[in-house]
Amino acid sequence: MRFSRWMDFESVTWLIVVLLLAIGLATIYSATVDTRGTRYVYRQLLAIGLGLLAGAAFGLISYEKWLSWAPTLYAASIALLVGTLAFGHAVSGSKSWIGIGSFRFQSSEMAKLAVVLMWARIYGGRHAERLRTSPFRLRDLGVTSAIAALPVGLILLQPDFGTALTFFFPLAVLWFLLRMPLRYWLVLGLAALMAVPIGWSLLKPYQKARVLTFLKSEAIDPQGSGYQVLQSKIALGSGGFWGKGFRQGSQAQLGFVPARHTDFILASLGEEWGFIGIVLVFLLFMALFTRWFTLAGRTPDPAGQLIIALVLAFWVFHFGVNAGMAVGWFPVTGLPLPLVSYGGSFLLFCLSSVGLVLNVYWRRHEVLSRL
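Residues numbered from 1 in each chain as written. Predicted model: local features only at pLDDT ≥ 70, side-chain atom pairs only at ≥ 80, totals over all residues. Heavy atoms only, no water.

(A) Quick look at a nonpolar patch on the surface. A grouping of Phe 176, Leu 177, Leu 182, Trp 185 and Leu 186 is seen on the molecular surface, where their side chains present a nonpolar patch of about 560 Å² in accessible area. Elements with a minimum of two residues in the nonpolar patch: α10 (168-177) and α11 (182-202). (Patch = residues over 30% accessible without salt bridge, like charges linked within 9 Å, V, L, I, M, F, W, Y side chains within 5 Å. Areas by Shrake-Rupley, 256 points an atom, 1.4 Å probe, with all protein chains shown as cover. Salt bridge = Lys/Arg side-chain N within 4 Å of Asp/Glu carboxyl O. Helix = DSSP H or I, 4+ residues; strand = E, 2+ residues; numbered from the N terminus.)

(B) Geometry of the pattern of salt bridges. Tallying each qualifying case throughout the model produces 3 salt bridges. For Arg 291, the salt bridge identified is with Glu 10, shortest N-O distance 2.6 Å. Of the two residues, Arg 291 is situated in helix α15 (residues 265-298) and Glu 10 in the loop between α1 (3-6) and α2 (11-36); the sequence distance between them amounts to 281 residues. Each of the two residues, Arg 291 as well as Glu 10, counts as buried. The salt bridge involving Glu 271 is made with Lys 244; its shortest N-O contact spans 3.3 Å. Remark: Lys 244 occurs in the loop between α13 (227-238) and α14 (250-253) and Glu 271 occurs in helix α15; sequence separation between them is 27 residues. Owing to a relative accessible area of 0%, Glu 271 belongs among the buried residues under this scheme. Relative accessible area serves as the criterion here: at 34%, Lys 244 is assigned to the partly exposed category. (Buried < 20%, exposed > 50% of the residue type's maximum accessible area, 1.4 Å probe, protein only.)

(C) View of the side chain of Arg 291. According to the relative accessible area criterion, Arg 291 is buried, its value standing at 17%. Among the polar contacts made by the side chain of Arg 291, one reaches the side chain of Glu 10 at a distance of 2.6 Å. With residues near it in sequence (within four places) discarded, Arg 291 still touches Glu 10, Val 12, Thr 13, Arg 298 and Tyr 361. (Polar contact = N/O pair within 3.5 Å; in protein donor to acceptor, adjacent residues only side chain to side chain. Contact = heavy atoms within 4.5 Å.)

(D) Looking closely at the packing of aromatic side chains. Taken as a whole, this structure holds 18 aromatic pairs when the rule is applied. Seen in terms of ring centroids, Phe 285 and Phe 289 are 5.9 Å apart; in terms of plane orientation they differ by 45°. Their pairing is tilted. Pair noted here: Phe 285 and Phe 289 are both in helix α15, with a separation of 4 residues, about one helical turn. We note that Phe 285, like Phe 289, is buried. Summarising the aromatic geometry, the rings of Phe 314 and Phe 349 are spaced 6.0 Å apart at their centres and angled 75° between planes, so their arrangement reads as edge-to-face. (Phe/Tyr/Trp six-rings, centres within 6.5 Å; stacked < 30°, edge-to-face > 60°.)

(E) Region of the structure containing the confidence of the model for the protein chain. Chain-level statistics for the protein chain give a pLDDT mean of 85 and a share of 85% at 70 or above. Here residues 1-7 scores under 50 on pLDDT; set against residues more than four positions off or in separate chains, the count is 11 contacts. (pLDDT = per-residue confidence, 0-100.)

(F) Spatial organisation of helix α6 (residues 107-123). With 17 residues, α6 should cover 24 Å at 1.5 Å per step; its first-to-last C-alpha distance of 25 Å lies within 8% of that length. Buried residues dominate α6, accounting for 15 of its 17 residues. (Expected span 1.5 Å × (residues − 1).)

So this is what it looks like as structure tokens:
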């Protein structure tokens, strides 16, 4: 097949990605330039460059090759997670970073793509035809869960509860796509309720405080566990409809909003660009998600469809939880906003997954020619 036949530019996805990256860079600059200069902006630009290289690799090498390498990538991601527990660096109480010299990254981000590829390899390949004619089995529940359980368990040991949570929504999406019977959903729901006391006992004190703040409102401890959400709401509210203007946000500029360039970047953006700015970002994400849903419907390969659907599930979960944290709808879990928040490791995952999604779309003609 000629390169030009399958290498569609897919301008909608690229336009949205570039716009979100630009919005993120502008907000990071505004939120950090007075205290850190342009250091964070340069680091984010470097991460974008590395992410584009990773995205090119995941986009130009056939996704069928990536599927064939899935067990190796999965084993490598597990090894990295084990290495992180043994030799990693602790940041904010979580030993989730590993690196050489000044270069550090979160190994859990690699595990996300490895798990997606493993799920797609198994249930988009030899099991795809069986699932069209026979029902979902208990063995399928065990296999899909086991693939996620090992990295999730290692991430919980770091402990990084927020990142571990990100695997559950894609897993639920996979079960839905594989047509898991209702009785399994009911049993799993009951088991989850019974496991709540165990999960609560495993949480660190600061994590329990975040959950209690979410349930009882941040007003019960405005100077402690509720401080982040309270300041985020103040920043969003003070932005009004049009916002205060670029670099004019008092809550963010004066440092009242914690993690204003990472977890609570929406608060910084909302204060400066107001309701209009928030709506613009939300519309860009909705357009991107809708576009990827459309691309999944256009590919004839079950494995390709699963890749797009599962990557989309990871992005939707990150977007939903990050936006919910900013307004107090979800407990503070430390999940960044895709393409917008500062953070090199997560940006590498985001741009790599963009390349993987477009890889499936670009090669649809090759798949059709073999059918």
